[in-house]
Amino acid sequence: MNINKEQIRASDPHACVYVSASAGTGKTKILIDRLVRILILGKSPLKNILCITFTQSAALEVKKRLINKMHLFFQCSYEQLISELFSIFGREPQDWEIDNARRLYTNFLLAPNLKIGTLHSFCLDLLTRFSEKNFKKIINNAEQKRIIICSIYKIISHQSYIKDEEFFLYVKDLVEHSDLITPILNSSFEEHKCELEKMFGIKLLKKRQLLTDFYKNIRVNDIIDAYNIVAKCEGGHISEALRYLQNGGFKKSFAKYAKIFLTKSGEPRKNFLKSATVNLYPDESSIINEHKEEVLKYFAHINALEAGLVNLRLSYLGLKALKLYENQKIAEGFISYADILNDAYELLTQSEISAWVRMIIDQEVDHVLIDEAQDLNTIQWSIIKSITEEFFSGDSARQTERTVFIIGDYKQSIFGFQGAEPEIFKNAYFYYKNATIHSRKKWVEINLNCSYRSAQEILDFTNTYISSGLIGCNYEEQKASNKDFSGKIEEVSIGYKKLDTDSWLIPGLVEYRDKNDQIAYIILEKVKEMIMKDHVSAEEIMILFRKRSILQQKIINLFISDNIPIFLYGSNKLEDYLIIKGFVATLKFIIKPHDELSLMSMLKSKIFDLSEESIFEIYTKGFFNNLEKYNKALISELNALIKYAENKSVYDILIFLLLKAQSRLDLFEKKLLLAFLNIARDFEKLGRAGIASFIRWFYDLESIYKDEILRESAVKIMTIHASKGMESDAVILADFCDITKIVQPKSIWVNYYKLIHLKNLRSIDKINLELESLKYTDSLESTRLLYVALTRARKYLFICKNE
Ligand SMILES: Nc1ncnc2c1ncn2[C@@H]1O[C@H](COP(=O)(O)OP(=O)(O)OP(=O)(O)O)[C@@H](O)[C@H]1O
């Protein structure tokens, strides 16, 4: 280890410290060093040090490294201990420091009380100890879904809404943002209407009312005359418009009429009339152009109105469903992750016992260390502030030295979807700086920018892609501390050649069915080359994705069939895989044939393999109410399934379904199903039975899929979010092509309201402004994501780029 003076200043246990540390500059090392130095100082016991990490795996890593360090101090030679302590203190250790360091491990064994974990686990502990609220369990996805659907059924007797999965997703999103919506939860229909009218800048009247005004003002005959005259020199769109006006069609379907004046992409046609026509018939042309403007104005207004009315109804019903959901969740003894934070905050600041709770916590915490501080959102900072408030009050009853340590990196702020933003981190920084200086404590600020991880070539490449303007915070070019090895960057451009699915392939020649196949093959070949030619070991290769996708699935399949060991990081719960969802839906269908959500996802799954279009078709024909009429073969298949399932065990039913789906399954799906079958067998071995009871048991298990080939020496496959804090020799970016492309949202949040129907909403200026700013923040975060991905690599970067 190199002695780095700034790292040593950062671990000074007498100062409150803020560290802004770029990727690879040693954040984790500093955190461990600081924990060790506080312990060696000997004034605060282990149990009084609170270390907050962003994820549970980070907490495990910190615990592991701290315990290893203490164990090393306990059993290493005297000389090694001196040298270890020298690298941490940056000076010769004193005798008492050496003695204390030796004793850390035994002290730990006597009282192994490590407060290292996520803020959620700290808050959960707080609630368990002090809250009077009665909760038994953290709610999981399946329970959440069940309660949302029940709540929707309770408010909507007219069930056509429920057929639409979109409404379920809408309410689910409200549930996930419920803390945000609290202020409008109890508003009446009229109040929502007023709010949305203000937001949209229009009155939410009936559409007919608006159009009546339009029809009243239009001089139909004048316009028909004008059309007739210019028709001689114009194209088909004029005769089409004429038809609509002559037979009154423009009243029946105003939208279709208005579309004559628009281009295919929905923009107003710039030159509706040719310039020759305008020169020849100036008067008629100006009548037509004025009319065109008028139509488009009304069309925009009607679009806004339709969007407004849809959103008004959705918000009203959605919020009602949300209230029912919240009540039912509490009645069943569930708590969500968001509730944990909100309830803990309330307990610490607004409850009758707040002062008492804070006093007890104050006795129990002397030092707070916050890792990945850029990823915390407002409520999380509020909780941390209330825990540390007494540190700076001046008249604290406690005389012990107490510090706050904040380490983070604006450039790695990539959890915007959880409410974290660089701005929030900046505010927290100012808060602690002011609080520390005002209470006359020592404040130290450190900026680390030299990477111990990556070769200079990797950092040069990163520097060309990243700049302050693109990531929304200060970016200084990064330098490598380690000059012992060099880096290599390769970029491949993927040409997209779509082939007919059943076109004849020349034997022996690699042809790709689509872009994803091509990328998957290129990556497989690259990994083989790295392992065979460059002697990179498999576990030192990391394949990163911006998001889970078909490409990821294809790569996994390809690697499995080529016997290259892989390890999937992140949330790889069995229940989250599409194929397992389809099987679970089928089990649900067997016990509840009228549950439309299960029926739909069963039909879509590989067991039935119906296309989206055919499901949509039978669905719109009223299939779900009138099964017999439309698809006899399917009905008899469904009946046969229900009949077969009578008196059969879950395991037997699953085998039956597996055989039915077999020809459509790929290798990876077969492995997943095998794991699922094993779970069913375990369930039966326990002497349990019943489909409903199996499904509940399966969800409670929250089983993580582990394959026998997922060994230690495996290529790691994960999303960039999951790769946070990790490093490896080689990094492959599989979907770089999409990295700066911003996906247009289907809905946005504006002032407590979740607005959908975005195509129509775009005719409202205020919404357009919101969308623009959203696009801007998304693009900044997308570049920060790229920064995180590039800086995981030590020596090799391999990037698949769109041409
Ligand atoms: N003083 C040092 N001398 C030598 N190597 C160091 C030093 N400090 C850290 N390192 C090494 O640099 C690498 C990066 O350190 P670490 O993982 O702590 O970085 P980080 O700042 O947490 O990175 P990121 O923000 O990307 O997660 C590690 O392999 C670590 O052992």
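Residues numbered from 1 in each chain as written. Predicted model: local features only at pLDDT ≥ 70, side-chain atom pairs only at ≥ 80, totals over all residues. Heavy atoms only, no water.

- Within an unreviewed UniProt entry, the label attached to the protein reads DNA 3'-5' helicase, and the organism entered is Candidatus Cyrtobacter comes.

**Brief notes about the site of the ligand**
Item 1. In the vicinity of the ligand lie 17 residues, with Asn2, Lys27, Arg453, Glu727 and Arg792 positioned nearest.
Item 2. Thr28 is positioned with one of its backbone polar atoms (N or O) 3.1 Å from an oxygen atom of the ligand.
Item 3. In isolation the ligand has 640 Å² of accessible area, and contact with the protein removes 87% of it.
Item 4. The greatest single-element share of the shell around the ligand, amounting to three residues, is contributed by helix 2 (residues 27–41).
Item 5. Looking at side-chain class alone, the shell around the ligand contains three nonpolar, nine polar and five charged residues.
Item 6. Summarising the domain contributions, the shell around the ligand has at least three residues from each of domain 1 (5–127 + 342–448) and domain 3 (468–570 + 712–802). (Near = heavy atom within 4 Å. Polar contact = N/O pair within 3.5 Å; in protein donor to acceptor, adjacent residues only side chain to side chain. Areas by Shrake-Rupley, 256 points an atom, 1.4 Å probe, with all protein chains shown as cover. Helix = DSSP H or I, 4+ residues; strand = E, 2+ residues; numbered from the N terminus. Nonpolar A, V, L, I, M, F, W, Y, C, P; charged D, E, K, R; others polar. Domains from an automatic or database assignment.)

**Focus on the domain arrangement of the protein**
Item 1. Looking at the protein, the domain boundaries give domain 1 (5–127 + 342–448), domain 2 (137–332), domain 3 (468–570 + 712–802) and domain 4 (574–701).
Item 2. Here the C-alpha centre of domain 4 lies 38 Å away from the C-alpha centre of domain 2.

**As for the packing of helix 6 (residues 119–130) against helix 21 (residues 378–388)**
Item 1. As a packed pair, helix 6 and helix 21 sit with axes 11 Å apart at the nearest point and diverge in direction by 60°. Taken as axis vectors, helix 6 and helix 21 run oblique relative to one another. Remark: the crossing between helix 6 and helix 21 carries left-handed chirality. Packed against helix 6, whose contacting residues are Leu119, His120, Phe122 and Cys123, the element helix 21 presents Gln380, Ile383, Ile384 and Ile387 at the interface.
Item 2. Among the residues making up the contact of helix 6 with helix 21, the classes are represented as six nonpolar, two polar and no charged. (Axes fitted to C-alpha atoms, helices over the stretch in contact; angles between N-to-C directions. Parallel < 35°, antiparallel > 145°, perpendicular 65-115°, else oblique. Left-handed = near helix turned anticlockwise from the far one by under 90°. Contact = heavy atoms within 4.5 Å.)

**Here we look at unusual backbone geometry**
Item 1. Backbone geometry at Asn563 places phi at a positive 60°, although glycine is not the residue there.
Item 2. Of note, Asn563 is situated in the loop between helix 26 (550–561) and strand 13 (566–568).
Item 3. For Asn563, a relative accessible area of 65% puts it in the exposed group.
Item 4. One non-glycine residue with positive phi stands out, namely Tyr752, at about 70°.
Item 5. The topology assignment puts Tyr752 in the loop between strand 16 (748–750) and strand 17 (753–755).
Item 6. The class for Tyr752 is partly exposed, based on a relative accessible area of 39%. (Buried < 20%, exposed > 50% of the residue type's maximum accessible area, 1.4 Å probe, protein only.)

**Some details on the pattern of salt bridges**
Item 1. According to the stated counting rule, one finds 41 salt bridges in the structure shown.
Item 2. Between Glu294 and Lys297 there is a salt bridge; the shortest N-O distance is 4.0 Å. Placement of the pair is Glu294 and Lys297 together in helix 18 (residues 282–331), with a separation of three residues, close to one helical turn.
Item 3. Asp375 serves as the salt-bridge partner of Lys724, at 2.5 Å between the closest nitrogen and oxygen. Residue Lys724 is found in the loop between strand 14 (715–719) and strand 15 (728–733), and its partner Asp375 is found in the loop between strand 6 (367–370) and helix 21; the two are separated by 349 residues along the sequence. Across the pair, Asp375 and Lys724 agree in class, each one buried.
Item 4. A network of salt bridges, in which partner residues are shared, links Arg453, Glu540, Glu727, Asp729 and Arg794. (Salt bridge = Lys/Arg side-chain N within 4 Å of Asp/Glu carboxyl O.)

**A closer look at the sheet that holds strand 3 (residues 115–118)**
Item 1. Strand order in this open sheet of six strands is 3-2-6-7-1-8, and the pairing throughout is parallel. Strands with a single pairing partner mark the edges of an open sheet, and in this sheet they are strand 3 and strand 8 (443–448). Put simply, the sheet's adjacent strands are angled 10° from each other on average, direction ignored.
Item 2. For strand 2 (residues 49–53) and strand 6, the ladder comprises four bridges, and the chain directions are parallel. Each bridged residue has a counterpart across the sheet, and for Cys51 the counterpart in strand 6 is Leu369.
Item 3. Against the sheet, helix 22 (residues 422–438) makes contact with strand 1 (16–21), strand 7 (403–408) and strand 8, and its axis sits at roughly 145° relative to strand 8, the strand it touches most. (Pairing = 2+ DSSP bridges.)

**Some details on the pairing of strand 1**
Item 1. In terms of burial, strand 1 is largely enclosed, as six of its six residues are buried.
Item 2. The alternating pattern of strand 1 places Cys16, Tyr18 and Ser20 and Val17, Val19 and Ala21 on opposite faces, both of which are buried.
Item 3. Bridge analysis of strand 1 against strand 8 gives six bridges, and the strand direction is parallel. Opposite Val17, over in strand 8, you have Val444 as the bridge partner.
Item 4. Inspection of the sheet shows strand 1 paired to strand 7 by four bridges, in the parallel sense. Its bridge partner lying in strand 7, Val17 is registered against Phe405.

**Brief notes about helix 5 (residues 95–110)**
Item 1. Relative to the 22 Å expected for 16 residues at 1.5 Å per residue, helix 5 spans 23 Å between its end C-alpha atoms, a close match to the ideal helical length.
Item 2. Along helix 5, the positions that sit buried rather than exposed are Glu97, Ile98, Asn100, Ala101, Leu104, Tyr105 and Phe108.
Item 3. Packing partners of the buried residues in helix 5 comprise helix 2, helix 3 (56–75) and helix 4 (78–89). (Expected span 1.5 Å × (residues − 1).)

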